[in-house]
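Structure assessment
So you can see what is in the structure, the chains are spelled out below.
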Amino acid sequence: MPELPDLTIYVEALRRRVLGATLLGIRVFGPSWLRTVEPRPVEAEGRRVRGVQRLGKRIVFELDGDLFVVLHLMIAGRLRWRAPRKESAAGAPSSRHPKNELGALDFSTGTLVATEAGTRKRATLHLLRGEAALAEHDPGGLEPLDCSRDTFAARLRASNHTVKRALTDPHIFSGIGNAYSDEILHAARMSPFKQTQKLTDGELDRLYVATRDTLITWCERLRAETGDGFPERVTAFRAEMAVHGRYREACPRCGAPVQRIAYADNEANYCAPCQTDGKLLADRA
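What this report covers is the structure whose coordinates are included nearby. (Residues numbered from 1 in each chain as written. Predicted model: local features only at pLDDT ≥ 70, side-chain atom pairs only at ≥ 80, totals over all residues. Heavy atoms only, no water.)

**Focus: helix 6 (residues 201-226)**
For clarity, the threshold we go by: Helix and strand labels come from DSSP, where a helix needs a run of H or I of at least four residues and a strand needs a run of E of at least two; each type is numbered from the N terminus. Each helix should span, by expectation, one fewer than its residue count multiplied by 1.5 Å. Burial classification: accessible surface area is computed with a 1.4 Å probe over protein chains only, and a residue below 20% of its type maximum counts as buried, one above 50% as exposed, and the rest as partly exposed. Whether two residues are in contact is decided by their heavy atoms, any of which lying within 4.5 Å being enough.
With 26 residues, helix 6 extends 38 Å from end C-alpha to end C-alpha; this agrees with the ideal 38 Å at 1.5 Å per step. E203, L204, L207, Y208, A210, T211, T214, L215, W218, C219, L222 and T226 are the residues of helix 6 that are buried. Buried residues belonging to helix 6 abut helix 1 (4-18), helix 3 (149-157), helix 4 (163-168) and helix 5 (178-187). The positive-phi residue at the C-terminal boundary of helix 6 is G227, with phi of around 60 degrees.

This is the structure in structure tokens:
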């Protein structure tokens, strides 16, 4: 699933392309993508784009007239930018499209295509009217790059979860998912299953710094990789990552093999010597 660094780069690239542009139309290729009935997509046509922002793991387009287009890519959703689309020889838009395409937003400056790999279509589009309707789509998680250390600590200690769960809970923190939580916890030298209410002040300091440093580093890395282009290689598995997706590969800090445990529909990747005093955690798959 695209997380805070990936979504930040998406938003920056989209701002360069669509701020001030006109939304010409919304095309829906399958029944699962558009999840709202009112307002109708035709009501968004001809409206100017006033802003593009990230809301948790959602991308929000603000249009004239207090309308909002909200994209949630879920796990396998991705975005592609295309030059302004051409009409068919008969003068009407072509209805043909690849099977992995969910729909498209046509702007006066180009077309944003939403795709999703696999057969389980989870990515969504909502068309909303008004700030109140938009607020209902905000999970309420704390922005990890905008909060102080004390606010960060208070949010963690407000309830007792494993630190891995707390970092990835959208109601607790905004934009962090499975991949970057693994990287944060490795940087903090912390077990993914340590309980949040048992964290010492020193551990909280370490986790706060690791969270900020990891997310900022990856935003900068992805920004440099993308340049003025559009991010076409959004993935949760990158060779530069320390532990995520690197099961049995060498930890870049100590050289021990990276371990993996599965639980529910998720998994955690960690280094035992660096994070759990050498203890192998039980696999609950």
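Once you've had a look at it, read on.
**Quick notes on the packing of helix 1 against helix 6**
Basically, it comes down to this: As a rule, the C-alpha atoms of each element are fitted with a line to give its axis, helices using only the stretch in contact, and angles between N-to-C directions run from 0 to 180 degrees. Angles are sorted into four bins: roughly parallel if under 35 degrees, roughly antiparallel if over 145, roughly perpendicular if 65 to 115, and oblique for all others. With the far helix as reference, a near helix turned anticlockwise by less than a right angle produces a left-handed crossing, and one turned clockwise produces a right-handed crossing. Amino acids outside the nonpolar list (Ala, Val, Leu, Ile, Met, Phe, Trp, Tyr, Cys, Pro) and the charged list (Asp, Glu, Lys, Arg) are all regarded as polar, and Gly is one of them.
Relative orientation of the contacting elements helix 1 and helix 6 amounts to 40 degrees, with a least axis distance of 9 Å. The orientation of helix 1 relative to helix 6 falls into the category oblique. For helix 1 against helix 6, the interelement crossing comes out right-handed. Across from L4, P5, D6, T8, I9 and E12 in helix 1, the residues of helix 6 making contact are L215, W218, C219, L222, R223 and T226. A breakdown of the residues in the contact of helix 1 with helix 6 according to their chemical character gives seven nonpolar, two polar and three charged.

**Observations regarding the side chain of K57**
In plain terms, the rule: Lys and Arg are tallied as positive, Asp and Glu as negative. Neither His nor the chain termini are counted. By definition, a salt bridge exists where a carboxyl oxygen of Asp or Glu is found within 4 Å of a side-chain nitrogen of Lys or Arg. Nitrogen and oxygen atoms within 3.5 Å of one another constitute a polar contact, given that in protein one can donate a hydrogen and the other can accept it, and given that sequence-neighbouring residues count only through two side-chain atoms.
Within the fold, K57 resides in the loop between strand 2 (47-55) and strand 3 (58-63). Among buried charged residues, K57 stands out as having no salt bridge; its nearest opposite-charge side chain is E3, 5.6 Å away. Here I176 takes part through its backbone oxygen, which lies 3.4 Å from a polar atom of the side chain of K57. For K57, the contacting residues outside a window of four places in its chain are M1, P2, L7, L71, H72, G175, I176 and G177.

**A word on unusual backbone geometry**
Note that the residue after E38, namely P39, is joined by a cis bond; omega there is -5 degrees. In the Ramachandran plot, R248 falls in the positive-phi region, its phi being about 75 degrees despite a non-glycine side chain. With respect to the helices and strands, the residue R248 is situated in the loop between helix 6 and strand 9 (259-263). Looking at R248, the relative accessible area reads 64%, which means it is exposed. With phi around 55 degrees, D277 is a residue other than glycine that occupies positive phi space.

**Concerning the pattern of salt bridges**
All chains considered together, the criterion is met by 18 salt bridges. Taking the shortest distance from any N to any O, the salt bridge between E143 and R54 comes out at 2.4 Å. In this pair, E143 is assigned in the loop between helix 2 (131-135) and helix 3 and R54 in strand 2, connecting sequence segments 89 residues apart. Among the charged side chains, a salt-bridge network with shared partners connects R149, D150, R157, D201 and D205.

**Some points on the nonpolar core**
The nonpolar side chains of a soluble globular protein tend to be buried with one another. Inclusion rule: By convention a nonpolar core is built from buried Ala, Val, Leu, Ile, Met, Phe, Trp, Tyr and Cys residues, the set being connected through side-chain atoms within 4.5 Å.
Among the nonpolar cores identified, the biggest contains 31 residues, and I59, F61, L79, L105 and L112 are the most heavily contacted of them. Top contributing element to this core by residue count: helix 1, with six residues. Contact partners of L79, with chain neighbours within four places excluded, come to Y10, L14, I59, L71, L73, L112, V113, A114, F230, P231 and E232. Ranked by size, the runner-up nonpolar core spans 30 residues in total, among them L167, F173, L199 and C219.

**What to know about helix 3**
The condition is simple: Arc, as used here, means the arc of the directions from the helix axis to the C-beta atoms.
For helix 3, the set of buried residues is F152, A153 and L156. On an axial view of helix 3, the arc spanned by its buried residues comes to 95 degrees, and they lie on one face. Looking at the buried positions of helix 3, the neighbouring elements they touch are helix 4 and helix 6.

**Thoughts on the pairing of strand 7 (residues 110-116)**
A regular strand places its side chains on the two faces of the sheet in alternate fashion. We apply this condition: Here, strands pair whenever DSSP counts at least two bridges between them.
The buried fraction of strand 7 is high, at seven of seven residues. The sheet contact formed by strand 5 (residues 77-82) and strand 7 spans six bridges and is antiparallel. Residue pairing for strand 7: G77 is matched across the bridge by E116. Pairing between strand 6 (residues 101-107) and strand 7: six bridges, direction antiparallel. If you follow L105 over to strand 7, its bridge partner there is L112. Hairpin connection between strand 6 and strand 7: a loop of two residues separates the two successive antiparallel strands.

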